[in-house]
Each structure stands twice: as C-alpha cells, then as structure tokens.
Amino acid sequence: MPLPPPGPFVRCRWSAAVLVLWLVGFTCTAGSEYAATAALPAAFSDRLPHFLVEPEDKYIVKNKPVTLTCRSTPATQIYFKCNGEWVHQDDHYIEHSVDPATGLPVMWVTIDITRQQVEKIFGLDEYWCQCVAWSTTGTQKSQKAYIRIAYLRKNFEEEPQSKEVAMDQEVSLRCHPPEGVPPAEVEWQRNEDLVDPAADPNFVITADHNLVIKAARLADTGNYTCVAKNIVARRKSNSATVLVFVNGGWSTWTTWSSCSAVCGRGWQKRSRSCTNPTPLNGGTSCEGQNVQKSACVATCPVDGGWSEWSKWSACAADCSMWRSRECTQPSPGTGGKDCQGLDLQSLNCTSEQCPQTVRGAEDVALYVGMVAVVLCLTLLLIVVVLVYRRKKEGLDADVADSSILTTGFQPMGIKPSKPENSHLLTIQPDLTTTTTSYQGTLRSRHDATAKFSMTNGPLLDPLPNGSHTLHNGKLNPDPAEFVSRFSTQSYFKTLPRDVANTSYGTFNFLGGRLTIPNTGISLLIPPEAIPRGKIYEIYLTVQRKEDLRLPLAGCQTLLSPVVSCGPPGVVLSRPVILSMDHCFDACLDNWAVRLKKQSYEGTWEDVLLMGEELVSEPFYCQLEAETCRLFSEQLGTFAVVGESLHMGAAKRLRLVLFSDAYCSTLEYNIRVYCMDDTQDVFKEVMQMERQLGGRLIDEPHVLLFKDSYHNLRLSIHDMPQAHWRSKLLAGYQEIPFYHIWNGSQRYLHCTFTLERLSLSTCELTCQLCVWQVEGEGQSFSLDFNIAKDTRAVDSEFLVMDSNATALAGPSAFQIPYLIRQKICSSLDAPCPNGADWRMLAQRLKLERHMSFFASKASPTSVILDLWEVQHFHSGNINQLAAVMADIGKQEAMIFLVSDGDC
C-alpha cells in the first residue's frame, strides 16, 4: 500500500451508517484530529477507488476564492495535489457517507483556492489541482482542474468603422473584442437595441464576431455598437454609423402634351421625376433631363373659298338670268369656316320678250341703292374718327400726373419726411432721371375679360370706371375690388378671396415691399428688380391648406404656409426675397427639406433641396431658426415640405389654451389648440376665437413633436374635487400622429368639459398636460377666475402691425437709393486687402452664402437686400454704418444719422 502524504491528520466526521458497517476505524470527537484513513470491509478490500465527482476548471473573479470538490468510492484516503505539491491537511474538508444504492463507503473532500495562491506562480505555468484517492488495492488520480484569474481588458483590438452603403448592398462591420479570461462573448446593438439574427435573418454574426447585413435597408440606418462581456465585465466599442442611402431613379415619362401651336410648327413636351426611388441620405440624383421637348406640326384649319362664277345663263321668259359658284377652292376642313355669301346670283335682262318699261324701273332702283350705300359708309367713317379722337384725349387726361415715375409710388399712410431733418443726409436722391427712362405706356383699360397682357403696359385688367389714375405716387384701390379683378383672370381664379390675408401694390424700378400683417410673410422687391420702363401690379397672399392640397408622400410634412405672389410670368432683372415662417427644428441633418412650386398646369414641382442649393438655379434659400428667406427670380406659389430622415426629426407645435369668456351654466369648456408654430396659423386661430368670444387663459407653449409615430396625449389633473369634476370618461384624450404630421388640417384642438358643483364656484386651479407618447411634453398650471375676463384674446400675442401693407419706392427701404448705389459701387470691386463685399458678408454673419453672392452681378446689392429683409422692423442703420466704417469705407458717413431721425 502506498505511503500516505506527510501529516496524516485531518478534520473528519462520520455518518451513523459507516459506524455500523465498518468494523475497523476510529471515532471522531469534537475538536480532535485523526488520520483520514479507514479500514475497508473485507467485501470491498480488493477494489480500486473510482471518482464520482472530479474537480472542474474554475475562474477567480476579483478576490473571491473558488472551491474544488472531489468525491470517490471506495477509498481509505483522499487528498488534493496542486501544481505537484500536496495541499496541507488543514486546508481539506472531508465527509464520509455510504452510497445507499451499492452500500459502498464514499469519501468527499473540498478545498478553497485563493487569488494569492494562483498569483504566486503567475507567468510560470497555469495553476492546477488534482484529487488522489487510496484504497487497499491501489490509488487513482482525477482529472486536472485549472484555476485561472478572470479579467477583461478595456480596449477593443478592432472596433467597427462607420460606413455609407447603397440600399440592398451587403454591409460588414468588423469587431475584435478585448483580451479576456474567459474569452469574451460578443453581441451587437443598433441604437442601443439588441440585434437578434434569429428574429431578423437579414443580420448574421460570424464566428469571428463580425456583423454582416445581407441587404441594407433604410431601416438599417443607425449607430451600431459591438458589446463584449464575460463573467468579469462588459465593454462597449465606439459606435459606428451605418448610413443607407438611396440613389435616385427616374419615373416613367408622362404622355406628350398637346402641341403648343394651333396651326403649323410648334413644340410639345413630356416630363419625368426623380422619384423612382427618390434619392435619400446623400444618394446620387438622377442623371439626364427631366423634361423632353419635341417639334410638332398642328394641322391648320382650312377656311372655305368660292370658285369662279359660272357664265350667265340665257335670259329666261321672266326676263332674268342667273349664275352660280361653289365653296370648293378650297373646301372647308379641320374646323375651318364655311364660305360667306350667296352661291347663286340672278339679274334682270333685256329681251324682245320683256317690255322696255320694266327694264327702266329696274335701273332706277339699282342706282338709288348704290347712293344709299355710299352715304352709310361716309357716316360710319365720321363716327369712327370722332370716337378715336375722344379716346385719345381721355387717355392723355388719365396720365396727367408724371409723379408716378419720379416718386417711386409713395404709398398712402407714410408721412413725408420733416423739412427740418432734410439736412441730415448729405446726398439727396435725385429721381427725376426716371422720367426719361420709362418707355412703356399706361393703356386705357376697358375690357375686364381680356387676356393677360405681358407688354410694357400694366399687367392687370381695368378698374370698373375705365381708368387708372395715379396721384402723387399713391394708389388707393378698394381691396375687395382688387381681389375680384384678379380673380377674373383664368390663372387667378383659384386665388383665395381673403382680403385680410392679401396685400398688393403697384411698383416700378424703385422696388418696394408687401407685408401681410401678423403672419411673418413679406415680399421685398429690391431696386432694379423690375426693369426700367415697366410698371407691375403685384400681389401677395396666403393660401389656406384646405383650399390647396399638396401631394405629400411617405414621411413628408408641410413645414410652412402656402404663399402665392404674382402675377407669375413677369420679367424680373434681380431676385425678389419672399419671407415666411417654418415650423421644424432647422437641423438639416434630420431632414430633407424641399421647396415646392406650383406650375401653370397646377402640379407641384421640387425646385430646391435646401442645403444643396445651386447658385445657377433661379431659387436660393437662406434658412434661419424660425424663418425661411427665399431668393426667387420668378413669382408663383411656394411651400416648404420636409421629409424626416430618422425619428430625431421634430416639428414645432404651438399649444394655445382658450376658454369661454363668460359662463352662466355649470359646464365650463377649455379648448387646447395644437397647431404648426407659424404666425399665420396662430393669427387665424386668434381671429376665430375672437368671433367665438373666446378667452386666452395662458401663454402659448412650444412642443417638439418627433417623427416617432407616437400620438399626442392631453390630460387634466389636480382639480379641487370639492368644487370641480371632469366629464371626460377616459383618463386622457389623444390626437393621432398622422393627423398632426401630414398637416392636412391647419390646427387641431381638444375640448375638456368640466363641471362645477355650484354656480358660485368661480376659481379654477388645475394642471393641464400635453405630451407625445415616449417623447417630450409641456404642462400648463392654470389658476384663474372664470367670471373675470382679464385678458383680451389678442391683447399680448397678436401685435397689430401699424405699418402699411404695401410700401413702394424709397419709403420701403432704410437705405436711401443713391446711397445704396454708392455703397455697391464701392464694395463690388474686389479689393486686395479684402475690404469689399466679402468682408461685409462676414461682418453681417452671412459668409455661408458667399458663393451665392459671388454669382450675382452686384454681390453688395444682394447682401443689402437681405439686410433690409432681416432688419425692416428692428434694424438700426447706424449699426450698418458702423460695419461700413469698420471695413474702412468712408462712404458710411453718408448715412450716419440718429435713430430718431431715420
């Protein structure tokens, strides 16, 4: 029998069964130490021990020790050996028992291994332990159990990299996790959500931990993170952004339009759009033309023509002869007119068979008829001459005042400058030269149904009295009559007849400005935008959404009012600037924002993608936090439409609370409006509530509404139950996401109906909450007296604009005309030290638009136009003068005047 290891004394304990079965052994007394040796019964003395439980590999996490276990039967002794050395008996814990199935004695031993024990041999070899069991026949050794210190390093050996891929393309994101014991397991996350290949077979995680997207979809766009973890720690790599872009594709061609010519050669066109699919996320636009033109020949109508008269027939018995002709040279065709006149002609004849008296009477009748015809023609000629001379005299009288060409059409309501302040400007604008430069005519207007004219004369049809007289440059037509007159034109029949939201004026080359009060909408017509010699009557109006439906698809939403300015087709020498509010977060990383324009046929076309403007195009946009400034070389109907690129895109909603101004019943209503955060919609709601007798009960709040497909919820809380109760059956009201996002309605509202328990109750305190599910929210803390109407519906939030809606000529601009020309001539020319228009743009924080300014004949003039638009109400001309002085241009001293005199 092999010798036992040194020090054969261990702590032990015996079960009752072992004491009965074994005849030889020892007795354990509490606190005593005895040898871990037992004599086997004779029946089992010839068996080798075998292991019921062998020690297994273990990992030490931080400073926690691990326990190794070994179980053997039949055995007289059992010990652990670690890295070739016996473990001290004091470190063993042994139990004895009997296997109830076989009746064999069983020995069970455990030991604890600490981190310090393993670290002693760190770097030399792996730490292992083995169990050895003895019997009277021999010994048996268990398998080796390796004990390792667990860890996971912080840095990934390889992290995933951001990629931009086309849709349906395969994407591979590589990841090599940090070194660790045990080796780290790897999983992937997209936007913090676990990627599960079992749930989505489009994802595959390879054996070397790489993530493969078989066919990229738009929904696969996001931030991908590689996550490594083991029993010690969990590590995350830096996120890699995968951007799935869509290259644009052409739609099918439309059918050819009808030929432009009614008769002869003309042209016809067909178009296609880059919407199959629409380019997204930086995808390439379609190559080629979106419009094709082709020559065509329209069959001309052929008017009928008479053939030659036939020869006269012989004189008949009734003393008459006749001749005929046919409508065959040519015959009428293709809608042409038939021949006019008689196809058969008769004449009395002289013959022996006819009495002479009859022939003489016929001759007298013929001569009398000829004389009557000559007299009628003479009278008609005299009448035509008199009418022509009278019309000529009336037209000259109508244009008796030439100040229309010299004053720039000073509008009514603008007070003339004070005589005592005239010395403040060293240069006075001399506008008398405009008299000789105007080459057009003011025609008499008498046909209200005439076609729209694009001549040098005015563009619109006449006023009812048949004249259009201007006095001292002021135009005072009736608003309703103006809109009615516009609506008679074929193109303008769809214009709204809302006089309150329409502005108009007559302008020449000096330019001007149109404004719709309290809407944030204005149109600046810069000087020289209208060619010299032309006079245009221009309008500006807001279209109602319910009157004009925009074709929106997918995630598109309307972000601005629909604004019309016109008439379309007028010739402009320079771009005008149209200003209107928008209601998105102005982050082009979240949006694909497009400018749409309505064509003459009524269809909507994309004319501009914001952020990717081309200076060669007739449209350019300067986007501000809440306003869009559109430079346009064409007039028409415009709207801003956005398409969200991901769920982070948000629209601004304005939340406004109204209630009944007077309440004589127990019920009391609170109306919560959710509308686009633009001034025109707010103005419309305020006007409607004023008509309803509504009462504004709190200041408007702004809520960011995200493209997360979650609805908007509204609820009311914290009412004094002793005095008030809500009649709402559910805990909240809800507005569907699509009702808000697609913009089909200008404003939405929910009504909370409350009931007071007594008519004497007048004080109402409560909390009204509005929030998007899983998104941002706003709350209103209400505390007011329902019997007192303390706030008018528009007293604070609808500031009435005291300025005229139409300003023409110098009164529309802060910078005098001739001073403006002097500034432009000074800064347009490039300067070696940079003291030119480029420095002006930098000082005014407009350097982002340098390429656009540089594409214009006078960059300085365009910069000043933008300054006029941005600072019309709040601009200080002295600040602009200070900028000019800072640039080093002494011309700035020309307009250094005090604020009180500007």
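Structure: see above.
Model, not experiment: these values are computed from the prediction. (Residues numbered from 1 in each chain as written. Predicted model: local features only at pLDDT ≥ 70, side-chain atom pairs only at ≥ 80, totals over all residues. Heavy atoms only, no water.)

Asker: Run through the packing of aromatic side chains, naming residues and quoting values.
Answerer: Across all of its chains, the model carries 18 aromatic pairs by this definition. Measuring from ring centre to ring centre gives 5.4 Å for Tyr79 and Trp134, while their planes differ by 70°; the resulting arrangement is edge-to-face. Residue Tyr79 is located in strand 4 (residues 77-82), and its partner Trp134 is located in strand 8 (residues 127-134); the two are separated by 55 residues in the primary sequence. In terms of burial, Tyr79 and Trp134 fall into one category: buried. (Phe/Tyr/Trp six-rings, centres within 6.5 Å; stacked < 30°, edge-to-face > 60°. Helix = DSSP H or I, 4+ residues; strand = E, 2+ residues; numbered from the N terminus. Buried < 20%, exposed > 50% of the residue type's maximum accessible area, 1.4 Å probe, protein only.)

Asker: Tell me what's going on with the sheet that holds strand 17 (residues 203-205), and back it up with residues and numbers.
Answerer: The three strands lie next to each other as 13-18-17, forming an open sheet whose pairing is antiparallel. Strand pairing shows two members of the sheet lacking a second neighbour, strand 13 (171-173) and strand 17, which therefore form its edges. Between one strand and the next, the sheet's axes are offset by a mean angle of 15°, whatever the strand orientation. Relative to strand 18 (residues 211-213), strand 13 runs antiparallel, the two being bridged by three bridges. Within the sheet, the bridge partner assigned to Leu173 lies in strand 18 and is Leu211. (Pairing = 2+ DSSP bridges. Axes fitted to C-alpha atoms, helices over the stretch in contact; angles between N-to-C directions.)

Asker: How would you sum up helix 12 (residues 877-887)? Please name residues and give values.
Answerer: Each turn of an α-helix holds 3.6 residues, which means side chains three or four residues apart point in the same direction. For helix 12, the full list of buried residues reads Ile877, Leu880, Ala881, Val883, Met884 and Ile887. Viewed along the axis of helix 12, the buried residues span an arc of 155°, placing them on a single side of the element. Taken together, the buried residues of helix 12 touch helix 8 (817-827), helix 9 (837-843) and helix 11 (859-870). (Arc of directions from axis to C-beta. Contact = heavy atoms within 4.5 Å.)

Asker: Which residues make up the nonpolar core, and what are the values?
Answerer: One finds Leu523, Ile538, Leu540, Leu595, Leu764, Leu768 and Val770 to be the most contacted residues of the largest nonpolar core, which totals 69 residues. Each of domain 4 (499-644) and domain 5 (652-785) gives at least three residues to this core. (Core = buried A, V, L, I, M, F, W, Y, C linked by side-chain atoms within 4.5 Å. Domains from an automatic or database assignment.)

Asker: Can you explain the side chain of Ser503? Please cite residues and give values.
Answerer: One can find Ser503 in strand 26 (residues 502-507). The exposure class assigned to Ser503 is buried, which follows from its relative accessible area of 1%. Side-chain polar atoms of Ser503 contact the backbone oxygen of Thr515, separated by 3.5 Å. Beyond its immediate chain neighbours, meaning those up to four positions away, Ser503 contacts Leu514, Thr515, Ile516, Ile538, Tyr539, Leu540, Thr805 and Ala806. (Polar contact = N/O pair within 3.5 Å; in protein donor to acceptor, adjacent residues only side chain to side chain.)

Asker: Could you give me a rundown of the state of the cysteines, with the residues and numbers involved?
Answerer: Overall, the coordinates contain seven disulfides when judged by the stated rule. Between the sulfur atoms of Cys274 and its disulfide partner Cys286 the distance amounts to 2.1 Å. For the disulfide bridge between Cys274 and Cys286, the dihedral angle about the S-S bond is near 80°, and by the sign convention the bridge is right-handed. Of this pair, Cys274 sits in the loop between strand 22 (264-271) and strand 23 (291-298) while Cys286 sits in the loop between strand 22 and strand 23, and the two are 12 residues apart along the sequence. Here Cys327 is linked by a disulfide to Cys339, with a sulfur-sulfur distance of 1.9 Å. Here the disulfide of Cys327 and Cys339 is right-handed, its torsion about the S-S bond being about 80°. Here Cys327 is found in the loop between strand 24 (320-324) and strand 25 (344-348), whereas its partner Cys339 is found in the loop between strand 24 and strand 25, with 12 residues between them in sequence. On the basis of relative accessibility, which here comes to 14%, the residue Cys339 falls in the buried class. The structure places no disulfide on Cys750, whose sulfur is separated from the nearest cysteine sulfur, that of Cys674, by 6.3 Å. (Disulfide = S-S within 2.5 Å.)

Worth remembering: the numbers are spatial, not functional.
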